[in-house]
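Secondary and tertiary structure notes
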Amino acid sequence: MVQIYNNTDEINIEAANLFIESAQKAITAKGKFTAVLTGGSSPAGIYKLLASDAYKNKIEWSKVFIFWGDERWVPLNDDLSNAKMSYSTLLSHVPIPQENIFEMYKDGVTPEDYAVEYEKSIRTVLGEEGTFDLILLGMGDDGHTASLFPGEAVLQEQTKWVDAYYLAPQKMYRITLTAPLINKAEKIVVVAFGEKKINALKEVTTGEYNPTLYPMQLIKPLSGELLFLVDKVAAGKN
Ligand SMILES: O=C(O)C(O)[C@@H](O)[C@H](O)[C@H](O)COP(=O)(O)O
């Protein structure tokens, strides 16, 4: 479902509310909340809101487990690191135990080996079903999501939950959750705003099925819910 908002602030409030709602529901039902954060620039406003006094006290952070949808294979103090951005805007400001945070990068190992290790961590926390309570995703101007980029072999992956590969156009390794794992989630929230997203959003939501070109089309939850929170600019209504 695509929900259209007037501006980014409204999207941030809705996404933060959905995060709180999912967290409270999961913690009441099973004593823990498993969430996946997205990288890119779009979620910073959501994270800052969640870290604000009005929001952060609504969550029992000791029962929250944080993973990422994807990561650029760079050290945690690099400005390109999705984890670095998530710490500076959210995780450093809330009382979450460090052992509940699963960064998608580790010094001294190869990205491929770490993908295997990361999948093990997911299985340990989530069990063999691999159902995250909430996955936040962004969408690139080209229709990629997480590090599922157009034309890359990772789009074909059916077995692995986590994969790592060299993304030649960006000259860097990427590590990413795969579509089959993402699709097991209870709720998937995609955030997209601004003019640059107009074409991708249109192709992904109303165009022909061509996930090689628009990988976001691979995101089709098995039994969960998929929500696009977009502004009217991205929706082409301005
Ligand atoms: O690390 C990344 O690059 C991502 O997680 C990526 O999939 C991102 O979400 C989109 O590229 C949208 O990025 P923006 O939010 O910056 O538009």
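Everything numeric here is computed off the predicted structure, so don't read it as measured data.

Another aspect to go through is the sheet that holds strand E4 (residues 70-72). On the basis of which strands lie adjacent, the open sheet formed by 3 strands has the order E4-E7-E6 and antiparallel pairing. Looking at strand neighbours, the two that pair on one side only are E4 and strand E6 (162-167), the edges of this open sheet. Between one strand axis and the next, the sheet turns by 15 degrees as a mean value, whatever way the strands run. By the bridge criterion, 6 bridges tie E6 to strand E7 (residues 172-177) in an arrangement that is antiparallel. Looking at the pairing, Ala164 lines up with Ile175 of E7. The sheet contacts of helix H5 (residues 111-126) involve E6 and E7, and relative to E6 the element is tilted by about 155 degrees.

Every buried residue belonging to helix H2 (residues 44-51) is among Ala44, Ile46, Tyr47, Leu50 and Ala51, and all of these are buried. Looking down the long axis of H2, one finds its buried residues gathered within 160 degrees of arc, a one-sided arrangement. Looking at the packing, one finds that the buried side of H2 touches helix H1 (8-30), strand E2 (33-37), helix H3 (53-56), helix H4 (82-89), strand E5 (134-138) and strand E8 (187-192).

Okay, the pairing of E8 next. Counting buried positions over the 6 residues of E8 gives 6, a clear majority of the element. Direction of pairing for E5 relative to E8: parallel, over a ladder of 4 bridges. When the bridges of E8 are listed, Ile135 appears paired with Ile188. Bridge count for E8 against strand E9 (residues 225-231) is 6 bridges, and the pairing is parallel. What sits directly across from Lys187, in E9, is Glu225. With helix H7 (residues 198-206) bridging E8 and the parallel E9, this β-α-β connection has right-handed handedness.

Turning to its location among the elements, Tyr5 is positioned in strand E1 (residues 2-5). In this structure Tyr5 comes out as buried when scored by relative accessible area, which is 13%. A C-alpha to C-alpha distance of 25 Å links Tyr5 and Met85, two positions 80 residues apart in sequence.

So, on to the site of the ligand. Taken together, 16 residues surround the ligand, and among them Ser41, Ser42, Asp70, Ala146 and Lys197 come closest. Contacts to the ligand include His144, whose side-chain N or O atom sits 2.8 Å from an oxygen atom. Coverage of the ligand by the protein chains reaches 88% of its 410 Å² of free accessible surface. Comparing atom positions with the cavity grids shows the ligand to sit within the largest pocket. When the residues that make up the shell around the ligand are grouped by side-chain class, the tally is 2 nonpolar, 10 polar and 4 charged.

Let us now look at the pattern of salt bridges. Applying the stated rule across the entire model yields 11 salt bridges. One salt bridge connects Glu119 with Arg123, and the closest N-O pair in it is separated by 2.7 Å. Here Arg123 and Glu119 lie together in helix H5, a separation of 4 residues that amounts to about one turn. For Arg123, a relative accessible area of 26% translates into the label partly exposed. What you see here is one network of salt bridges that share partners, running through Glu119, Arg123 and Glu128.

How each quantity is defined
- Residues numbered from 1 in each chain as written.
- Predicted model: local features only at pLDDT ≥ 70, side-chain atom pairs only at ≥ 80, totals over all residues.
- Heavy atoms only, no water.
- Pairing = 2+ DSSP bridges.
- Helix = DSSP H or I, 4+ residues; strand = E, 2+ residues; numbered from the N terminus.
- Axes fitted to C-alpha atoms, helices over the stretch in contact; angles between N-to-C directions.
- Contact = heavy atoms within 4.5 Å.
- Buried < 20%, exposed > 50% of the residue type's maximum accessible area, 1.4 Å probe, protein only.
- Arc of directions from axis to C-beta.
- Right-handed = clockwise from strand over helix to strand, strands pointing away.
- Near = heavy atom within 4 Å.
- Polar contact = N/O pair within 3.5 Å; in protein donor to acceptor, adjacent residues only side chain to side chain.
- Areas by Shrake-Rupley, 256 points an atom, 1.4 Å probe, with all protein chains shown as cover.
- 1 Å grid on protein atoms, 1.4 Å probe; cavity = no way out; pocket = protein on both sides within 12 Å on 5 of 7 lines; lining within 4 Å.
- Sits in = over half its atoms within 2 Å of the grid points.
- Nonpolar A, V, L, I, M, F, W, Y, C, P; charged D, E, K, R; others polar.
- Salt bridge = Lys/Arg side-chain N within 4 Å of Asp/Glu carboxyl O.

From the geometry alone we can't say anything about function, so treat these as descriptive.
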